[in-house]
Amino acid sequence: MMDEQWTIQAVRDWGDWQLEPYIHEKEERSAQIDYLLTGMMDWDYSQLDNNRYTILEDEKRLRFMVAVRAIKGGLPVQYALGHAAFYGREFQVDRRVLIPRQETEELVDWILKDHSMTEALTVLDIGTGSGAIAVSLAAERTNWQIVASDISADALDLATENIAKYAPQVKVIQSDLFEKIEGQFDLIVSNPPYISEDERDEMDESVLLYEPDLALFADDDGLVLYKKMAQSLLEHLSPKGNAYFEIGYRQGQQLQKLFADLPDVTVELRQDMSGHDRMIKVSRR
Ligand SMILES: C[S@@+](CC[C@H](N)C(=O)[O-])C[C@H]1O[C@@H](n2cnc3c(N)ncnc32)[C@H](O)[C@@H]1O
């Protein structure tokens with residue numbers, strides 16, 4: 001039974017009022033509400049603006065209200081919606097995987113700018129999570145042979161859905177770093193967990209509460225997985241191959257040194273759009 005008629009603008013205002021005590025900045029509240037509505041309606045932002053006085057069907061209004069209540073409890077909007085935007089595509093996400101971040105899009109961009117479609121490359125993505133990196137590369141470079149790996153079977157179950165949707169050619173392997181990986185690759189890419197335990201206090205509560213620890217934290221000041229990958233990197237990187245890593249903004253100097261100690265490589269450190277050290281490329285000479 002339909003009790004009330006709610007326009008899009010009315011639910012937007014309701015959402016804003018609900019979230020005000022939790023998300024203090026108006027702009028941030030509006031961004032989350034509009035992200036939720038466009039995602040639910042499968043609209044772009046101009047459609048949302050043009051449909052302000054459209055009546056929202058009851059089932060969608062209830063879904064929106066449930067999602068807003070979950071966001072009030074700290075649930076990231078992408079988990080509430082069930083998907084997140086990454087490099088122009090919507091990836092299914094839930095609490096099994098990290099929500100893919102903008103900084104990681106910059107890493108993908110670096111790789112794509114370095115390598116055109118004319119090169120037929122083999123690629124390994126270590127710690128694929130939702131599959132965001134592997135799928136984006138595979139969708140943009142359809143002739144590349146790409147393996148997506150993760151230690152987490154749960155993450156790989158979800159990655160498999162994103163792979164099926166956008167890039168069914170990507171192969172999936174469950175592996176602790178290189179443990180189950182055979183052979184060499186022209187490109188190795190990884191955005192491993194790199195947050196040190198003592199950074200917990202600086203982190204958003206919603207990240208700590210909802211995103212998987214396995215995707216966030218690493219021992220040895222967040223460096224342990226890079227150190228392990230460095231040990232086997234040259235065994236798995238083709239001659240003239242390149243490896244790209246996302247890194248924590250305080251880890252640039254240490255990681256540059258770690259990789260530069262490998263024989264016959266060059267190392268390049270790059271900053272993200274905010275000017276923080278964020279990515280490293282290791283090239284075999
Ligand atoms: C920071 S998330 C990155 C997810 C995705 N690649 C992205 O950029 O959005 C790190 C991923 O590494 C995985 N991981 C953690 N330890 C690992 C290990 N020892 N071997 C392989 N994957 C690991 C986690 O399960 C998680 O999916």
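How each quantity is defined
- Residues numbered from 1 in each chain as written.
- Predicted model: local features only at pLDDT ≥ 70, side-chain atom pairs only at ≥ 80, totals over all residues.
- Heavy atoms only, no water.
- Buried < 20%, exposed > 50% of the residue type's maximum accessible area, 1.4 Å probe, protein only.
- Helix = DSSP H or I, 4+ residues; strand = E, 2+ residues; numbered from the N terminus.
- Pairing = 2+ DSSP bridges.
- Axes fitted to C-alpha atoms, helices over the stretch in contact; angles between N-to-C directions.
- Left-handed = near helix turned anticlockwise from the far one by under 90°.
- Contact = heavy atoms within 4.5 Å.
- Nonpolar A, V, L, I, M, F, W, Y, C, P; charged D, E, K, R; others polar.
- Near = heavy atom within 4 Å.
- Polar contact = N/O pair within 3.5 Å; in protein donor to acceptor, adjacent residues only side chain to side chain.
- Areas by Shrake-Rupley, 256 points an atom, 1.4 Å probe, with all protein chains shown as cover.
- Domains from an automatic or database assignment.

Structural notes on the pairing of strand β8 (residues 185–190)
Part 1: The buried count for β8 comes to 5 of 6 residues, which makes it a mostly enclosed element.
Part 2: Alignment of strand β5 (residues 122–126) against β8, held across 4 bridges, turns out to be parallel. Across the sheet, residue D125 finds its bridge partner in β8, namely V189.

Focus on the packing of helix α6 (residues 102–114) against helix α7 (residues 132–140)
Part 1: Two elements in contact, α6 and α7, have axes whose closest approach is 10 Å; the angle formed by their N-to-C orientations is 35°. The way α6 lies across α7 gives a crossing that is right-handed. Each of T104, L107, V108, I111 and L112 in α6 lies in contact with α7, whose residues at this interface are I133, S136, L137 and E140.
Part 2: Its residues placed into classes, the contact of α6 with α7 shows 6 nonpolar, 2 polar and 1 charged.

Notes on the site of the ligand
Part 1: In the vicinity of the ligand lie 19 residues, with G127, D150, D176, L177 and N191 positioned nearest.
Part 2: Within the contact set of the ligand, a nitrogen atom lies 3.3 Å away from a backbone nitrogen or oxygen of T128.
Part 3: Here a nitrogen atom of the ligand and a side-chain polar atom of D176 are 2.9 Å apart.
Part 4: Notes on the ligand: free accessible area 590 Å², of which the protein chains cover 95%.
Part 5: Grouping the amino acids of the shell around the ligand by side-chain chemistry returns 10 nonpolar, 7 polar and 2 charged.

Let's talk about the domain arrangement of the protein
Part 1: Split by domain assignment, the protein resolves into domain 1 (6–73) and domain 2 (96–284).
Part 2: In this structure, domain 1 and domain 2 have C-alpha centres spaced 34 Å apart.

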